[in-house]
Amino acid sequence: MKHYDLIQVLWVEDDPVVTETFPLKAENFGLDLVPFPCWDDAKEALENDYDRWSAIILDAKCKHHKDSADSAVVFLREALKDISVLAVTKDRTIPWYVLTGGDTSEVSDSINDERLKWDKDWTDSTNKKYYSKNTDTEMLYNRIQYHAQVSPRLQIQKMYRNVFEAIEECKIDDEAYNALEDLLVPIHFPGEIDASDYNDKFKKARVVLEYVFRSMIENGMLPEWGKHMNTRWSSCILAGKHAMKYVKDGDDIVVVEAKETILPAALNDVIRSMVNTLPADVHSKSGDADSTSVSDYIKSVDGSTYLLNSFALQLCDVILWYRNYLRDHSDKEQNASKWEIKEPKYMSHRK
């Protein structure tokens with residue numbers, strides 16, 4: 001997920017005159033109105049990058065499909081239904097608002113009460129479910145700005161801006177960006193999730209770590225492991241230790257020879273602890289893990305979330321260190337000279 005200086009607002013509006021003028025004024029309120037001419041296009045944008053958006057503005061008389069006629073009843077019915085489903089699927093509700101210049105009675109009848117969760121005070125004070133293009137745009141922009149600023153995710157993005165900027169600079173996958181957000185929000189906003197549900201997110205810490213390692217592969221700091229990321233061997237190489245295949249009743253085999261220590265000692269201990277603790281078969285591109293040992297540990301500390309909290313914060317340091325290391329070591333071939341594959345036949349071996 002890319003970091004944006006302005007609050008991102010998905011806006012369904014098909015009038016070119018409006019889409020040219022309204023965004024300029026919205027910028028004065030810290031908003032970036034991104035227009036889509038029909039609900040199909042807007043829905044696709046939501047599905048592809050849900051966490052980008054802090055608010056949704058629906059022009060009441062817009063189109064469901066590109067070739068549909070403008071109809072408030074059809075458009076709002078379909079759009080609000082899809083928004084509700086996506087909120088459940090993505091485990092986050094994006095506040096939505098109806099902005100109209102048309103028949104207010106038709107619009108009001110088509111707006112459901114879901115919006116009262118964030119917009120009840122507007123209705124109580126004005127007796128309206130919608131905002132008028134003629135008189136209410138500034139009020140709408142103010143309210144979007146306010147609701148976005150109190151959004152836990154947006155606040156986390158601001159609090160950890162240097163970390164998320166580092167994720168983007170290092171081109172670490174968006175899955176890591178989103179997973180790290182999921183880990184950090186409950187630390188500062190504990191009311192957002194139950195402790196037991198938060199402790200189910202150990203696999204997200206594994207996802208973040210794996211995608212950091214995948215980025216390191218792209219920059220020559222680690223070898224390509226094959227189908228599955230080998231976090232244990234990756235941590236060994238970064239710590240200046242050989243990646244070894246242990247052979248029963250025989251000599252152990254050096255698979256990758258490490259020629260130089262990359263990680264600072266403190267981060268070496270941090271990453272080794274995460275590799276040893278996080279469920280071993282949780283992969284960034286595959287299914288869930290049997291995390292029995294983690295579950296037993298959590299029970300032994302009365303369901304505490306402190307271990308996972310610490311992993312989330314430690315991952316922030318790992319990412320910041322990685323960004324600064326890459327700035328000083330941008331040559332991929334030079335990075336790859338710090339290790340050497342000795343036994344390539346074991347490279348896809350999963351440990």
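Residues numbered from 1 in each chain as written. Predicted model: local features only at pLDDT ≥ 70, side-chain atom pairs only at ≥ 80, totals over all residues. Heavy atoms only, no water.

### What about the pattern of salt bridges?
Rules: Salt bridge, as used here, is a side-chain nitrogen of Lys or Arg placed within 4 Å of a carboxyl oxygen of Asp or Glu. In DSSP terms, a helix is any run of H or I states spanning at least four residues, a strand is any run of E spanning at least two, and both are numbered starting from the N terminus. Only protein chains enter the accessibility calculation, which uses a 1.4 Å probe. A residue is then buried if its area is under 20% of the maximum for its type, exposed if over 50%, and partly exposed in between.
Evaluation of the coordinates by the stated rule reveals 27 salt bridges. With a shortest N-O distance of 2.7 Å, Asp-5 and Arg-161 are connected by a salt bridge. In this pair, Asp-5 is assigned in the segment before strand E1 (7-12) and Arg-161 in helix H8 (residues 161-169), connecting sequence segments 156 residues apart. A relative accessible area of 35% places Arg-161 in the partly exposed class. For Asp-82, the salt bridge goes to Lys-43, with nearest N and O atoms at 3.6 Å. With a gap of 39 residues between them, Asp-82 in helix H3 (residues 72-90) and Lys-43 in helix H2 (residues 39-48) connect regions that are remote in the sequence. For Asp-82, a relative accessible area of 12% translates into the label buried. Put simply, Arg-115, Asp-119, Asp-121 and Arg-143 are held in one network by salt bridges that share partners.

### Focus: the confidence of the model for the chain
Where we set the bar: The pLDDT score gives, residue by residue, the confidence of the prediction method on a 0 to 100 scale. Every residue pair with non-hydrogen atoms within 4.5 Å of one another is taken to be in contact.
Mean pLDDT over the chain: 88, with 93% of residues reaching 70 or higher. Mean pLDDT values over the elements of the chain span from 73, in helix H4 (residues 104-110), up to 97, in helix H15 (residues 306-328). Between residues 281-292, whose pLDDT stays under 50, and residues either more than four places distant or in other chains, the model counts 25 contacts.

### A short note on the packing of H2 against H3
Let me state the cut-off plainly: Geometry is summarised by axes, namely lines fitted to C-alpha atoms with helices restricted to the contacting stretch, and by angles between N-to-C directions that run from 0 to 180 degrees. Throughout this description, any angle smaller than 35 degrees is read as roughly parallel, any larger than 145 degrees as roughly antiparallel, any in the 65 to 115 degree range as roughly perpendicular, and the remainder as oblique. As a working rule, the residues Ala, Val, Leu, Ile, Met, Phe, Trp, Tyr, Cys and Pro are called nonpolar, Asp, Glu, Lys and Arg charged, and the rest polar, with Gly in that last group.
Running from N to C, H2 and H3 cross one another at 5°; their axes reach a closest spacing of 11 Å. Looking at the two axes, H2 sits roughly parallel to H3. Counted together, Trp-39, Lys-43, Leu-46 and Glu-47 of H2 and Phe-75, Glu-78, Ala-79, Asp-82, Ile-83, Leu-86 and Lys-90 of H3 form the full contact between these two elements. Class assignment of the residues belonging to the contact of H2 with H3 gives a composition of six nonpolar, no polar and five charged.

### Digging into the pairing of strand E3 (residues 55-59)
When a strand is regular, its side chains alternate between the sheet's two faces. Put simply, the test is: When DSSP locates at least two bridges between a pair of strands, those strands are taken to pair. Orient the strands so they point away from the viewer; a crossover is then right-handed if the path from the first strand over the helix to the second runs clockwise.
Most of E3 sits inside the fold, with five of its five residues counted as buried. Burial of the side chains of E3 extends over both faces: Ala-55, Ile-57 and Asp-59 are buried on one face and Ile-56 and Leu-58 on the other. Here four bridges tie E1 to E3, and the two strands are oriented parallel to one another. By the bridge assignment, Leu-10 is partnered in E3 with Ile-56. Note: E3 against strand E4 (residues 96-100), four bridges, orientation parallel. In the sheet register, Leu-58 faces E4, and the bridge partner there is Val-98. With H3 bridging E3 and the parallel E4, this β-α-β connection has right-handed handedness.

### A short note on the sheet that holds E4
The strand order across the open sheet built from five strands is E2-E1-E3-E4-E5, with neighbouring strands paired in parallel fashion. Since the sheet does not close on itself, it has two edges, and those belong to strand E2 (31-36) and strand E5 (131-132), each with one partner.

### Regarding the sheet that holds strand E6 (residues 243-245)
Within the open sheet, the three strands sit side by side as E6-E7-E8. Their pairing is antiparallel. Two strands lie at the open edges of the sheet, namely E6 and strand E8 (339-341), each paired on one side alone. For this sheet the average axis-to-axis angle between neighbouring strands, irrespective of direction, equals 15°. Inspection of the sheet shows strand E7 (residues 253-258) paired to E8 by three bridges, in the antiparallel sense. Within E8, the position partnered with Glu-257 by the bridge is Glu-340. In the packing of helix H12 (residues 231-238) onto the sheet, the strands contacted are E6, E7 and E8, and the crossing angle to E6 comes to about 135°.

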